[in-house]
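Listed here are the chains, written in short residue letters.
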Amino acid sequence: MKILIVEDEQRLAALLKKGLEECSYAVDLCFDGEEGLYMAETFPYDAVLLDVMLPKMDGFTVLENLRKQGVDVPVLMLTARTEVESRVKGLNRGADDYIPKPFDFSELLARLTAVIRRNKGQPASTVQVADLCLDLNAKTASRAEREILLSAKEYAVLEYLVLNKGRVVSRTEFSEHVYDGDFDLDSNIIDVYINKIRNKIDKGHEHKLIRTKRGVGYYISKEEP
Amino acid sequence: MKPRNSIKGRLVLWIFLSGAVMVVLLDFALLHQFKKVALHSVDNVLHSKLQIMKGLIHAHANYIEVELAEVARGEYSIPNSGHYYQVFIDGNLYLTSPSLQPSDFNLISDTPEFHDAEAREWMYRITGPDGEPLLVLRNNFYIQEKEVSIRVAETLAETVTMLAGLERFFYLLTPFFILLIGVIGYLISSHALRPLTVFADALERITHKNLGERIVPDGFARELHVVAERFNSLLERLQTAFDAEKELIANAAHELKTPLAVIRAECDIALMKERSGEEYAESLREVRTVSDTMLRQVNGMLTLARIDAGILTTAFQPVSLNSCLDNAARLVNSLAKEHHIRISREEGDEVTVLGDKDALTEAMSNLLENAIYYNHPEGSVSVTLQRRDNRILLTVQDTGMGIPEDELEQVFHKFYRSEAVKTIKGTGLGLSITKAIVLSHQGDIQVRNAESGGACFTVTLPLHDDDTTQKVGSLG
């Protein structure tokens, strides 16, 4: 999952990036409202963490413009202003959640995960594909009741696949949602990760879950091929 | 504190006292006038009777005829009726009214109450044969070289009784009138002061929560209208101050919450999983750095609060601005070296102000620090300090990017930081503190962009001259 953080306090932004990356998220940063709006309009993020007090354009205006353009990415407002009016204002303009500063990082993570999950039409925090089970909160995977150890990137690829189950995901889409903007894209890397994941979850199982659509990409399905 | 005296009480007292005095004076005047009128009517009766009697005394060739038989009937015939007369000829009692018994009763006393020498008339007040008060009119005249003297007397008993009754009536009525005046005074004062009560009620409704409300002055009397308008303008000023305070607190909370968010996130993320010692150390160093920022901010806020409370001004002393500038330059020396900034100074004669040395040094070092932070590397800061008439002029100019024209006004606002320089660390309070210090020294601070590009701050302060103080002192 790829997150855009728009926060002018650079120290905080860098910290959030570090924390979220350790939780298998890819994170892009920008430090003012105008750049934030441009990034959110241009790239397909899975969620945006948006500060309210921003240079050049405040968070409310960024949000309003995003919704006007029909961008329905989940947006979490982040602010030190805790007045009720300020919160209501954010939610009324199409924010999906509102997190007051200083926040608890695990709470921020939980809310972010929940917002993304709901946006993908997934109300529960665990997703099942046949006997493969993903815990979206704990970021763990298991198959046939046996836990599978995955690296952060492997989990990110698998999670994206699972949340889009039944739909073919192209290599470009993968890289857009799993890597941050600074990464030099080489779509072969996705094939490498898919191979690693196949080795961990499909190896030794009769029923192979991860399938290849030749020339297009990969998908996951519980149906027998 | 208990109010010392009430307007209403005083008003009632004054109305009561003046009313009472007036009632008493009026009583006396009326009684006196009544007395005068009553006596005057008796006087008239005496005179008219005297005239009639005089008309009845005829002079013949060798004797005098007194025809008082007509008069002697009626009231003069009833004994002790209170109406008497006596006629003397050459000092001998010649005739007495039958009513007077004994007939030789002396109707005059030694001391006449009134004497008209030309008309030869005397008036006496004596006690009659029955002990009743009598008013006696005596008239002497000559007929055929004989001295005739007529004495006519009328009782005053009725008049005295009437006057006594009147007096009693007044004495009974006066306290009642005084009481009535007291009540009226109370009612008038209550009525006159009622708008004040309504006004007080209107004030009562205004608290710190609805400072925006105003008193509608239209309903009040002209005097209170003015008070209401003054009060409204006071509320206006209070509200401005109150809003500024609220805004400041909201800003302060915001400014402190952001570094707190960093500290919290740093800790939360560090604790998320097992890490190497170096990683933990890095997190602790970050927390330390952020807490330093917070400490600077809190100290800045406290300094501002202290200056606002006027604590500085209590201990002002003559201070050499040159030595303040020396100290300030020393404070920022290492920072300047770090940023490769050269500081040049141009100073005239030594100048002294009346002020707080530490505060003035802080104000100057804030200006120097800003000039270093918001400068280009290898840039310079030029400082001038000189006397101009009876003012001191301090300018600090840098070679940095300057300040956007539309933000020049705002740089002195608390927590204001230009968006262009958000990356440079700072509390947003330095210039507010500098301005507060300068203002508390009766000075002024201005900022403009120099033609060469950098920002130029100009501080003016009143010069403290020992000579002038001595002159003022000797005058005082």
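Conventions and cut-offs
Residues numbered from 1 in each chain as written. Chains lettered and ligands numbered in written order. Predicted model: local features only at pLDDT ≥ 70, side-chain atom pairs only at ≥ 80, totals over all residues. Heavy atoms only, no water. Helix = DSSP H or I, 4+ residues; strand = E, 2+ residues; numbered from the N terminus. Buried < 20%, exposed > 50% of the residue type's maximum accessible area, 1.4 Å probe, protein only. Contact = heavy atoms within 4.5 Å. Areas by Shrake-Rupley, 256 points an atom, 1.4 Å probe, with all protein chains shown as cover. Patch = residues over 30% accessible without salt bridge, like charges linked within 9 Å, V, L, I, M, F, W, Y side chains within 5 Å. Salt bridge = Lys/Arg side-chain N within 4 Å of Asp/Glu carboxyl O. Axes fitted to C-alpha atoms, helices over the stretch in contact; angles between N-to-C directions. Parallel < 35°, antiparallel > 145°, perpendicular 65-115°, else oblique. Nonpolar A, V, L, I, M, F, W, Y, C, P; charged D, E, K, R; others polar. Buried area = accessible area lost by both parts, 1.4 Å probe. Polar contact = N/O pair within 3.5 Å; in protein donor to acceptor, adjacent residues only side chain to side chain. Pairing = 2+ DSSP bridges.

Student: What is the right way to read the overall build of chain B from this model?
Tutor: Counting its regular elements, chain B contains 9 helices and 15 strands. Every one of the 476 residues in chain B was classed for burial, and the buried ones make up 39%. A separation threshold of at least 6 residues defines the contact pool for chain B, and within that pool the share at least 24 residues apart is 61%. Counting every atom, chain B has about 28100 Å² of accessible surface; 58% of that belongs to carbon and sulfur.

Student: Whenever I open this one, a nonpolar patch on the surface confuses me. Can you help?
Tutor: On the surface, Phe176(B), Phe177(B), Leu180(B), Ile184(B) and Ile188(B) cluster together into a nonpolar patch covering about 450 Å² of accessible area. Relative to the helices and strands, Leu180(B) is located in helix H2 (residues 157–204).

Student: Where do I start with the packing of helix H7 (residues 171–178) of chain A against helix H8 (residues 188–201) of chain A in this structure?
Tutor: Helix-helix packing is described using two parameters, namely the angle between the two axes and the distance between the axes. All names here are of chain A. It is the contact of H7 with H8, at a shortest axis distance of 9 Å, that shows an interaxial angle of 85°. Classified by the interaxial angle, the pair formed by H7 and H8 is roughly perpendicular. In this structure, H7 contributes Arg171, Phe174 and Ser175 to the contact, and H8 contributes Ile190, Asp191 and Ile194. Per-class residue counts for the contact of H7 with H8 are 3 nonpolar, 1 polar and 2 charged.

Student: What should I look at first to understand the interface of chain B and chain A in this one?
Tutor: Size of an interface: often given as the accessible area lost when the parts come together. Opposite the 23 residues of chain B that make contact, chain A presents 23 residues. The largest share of the area that chain B buries against chain A comes from His254(B), Lys257(B) and Ile269(B), three residues that together contribute 25% of it. Applying the counting criterion to the chain B and chain A interface returns 2 salt bridges. A salt bridge links Arg275(B) to Glu22(A), with the nearest nitrogen and oxygen atoms 2.3 Å apart. For the pair chain B and chain A, the number of links is 4 residue pairs in polar contact (both at pLDDT 80 or more). Elements with a minimum of two residues in the side of chain B that touches chain A: helix H3 (222–270) and helix H4 (277–308) of chain B. Of all the elements, H3(B) adds the most residues to the side of chain B that touches chain A, at 13 residues. Along the lines of polarity and charge, the residues of the side of chain B that touches chain A split into 8 nonpolar, 6 polar and 9 charged.

Student: Is there a simple way to explain the sheet that holds strand S4 (residues 75–79) of chain A in this structure?
Tutor: Note on sheets: strands pair through backbone hydrogen bonds, and any given pair is parallel or antiparallel. Residues and elements named next belong to chain A. Here 5 strands make up an open sheet; going across it, the order is S2-S1-S3-S4-S5 and the pairing parallel. Of all strands in the sheet, those bounded by a partner on one side alone are strand S2 (26–30) and strand S5 (97–100). Strand-to-strand twist in this sheet, taken as the mean axis angle between neighbours without regard to direction, amounts to 20°. Relative to strand S3 (residues 47–51), strand S1 (residues 2–6) is paired through 4 bridges, and the arrangement is parallel. Counted as the bridge partner of isoleucine 3 is alanine 47 from S3. Helix-sheet contacts for helix H5 (residues 105–119) involve S1, S3, S4 and S5, and the interaxial angle to S5 is about 170°.

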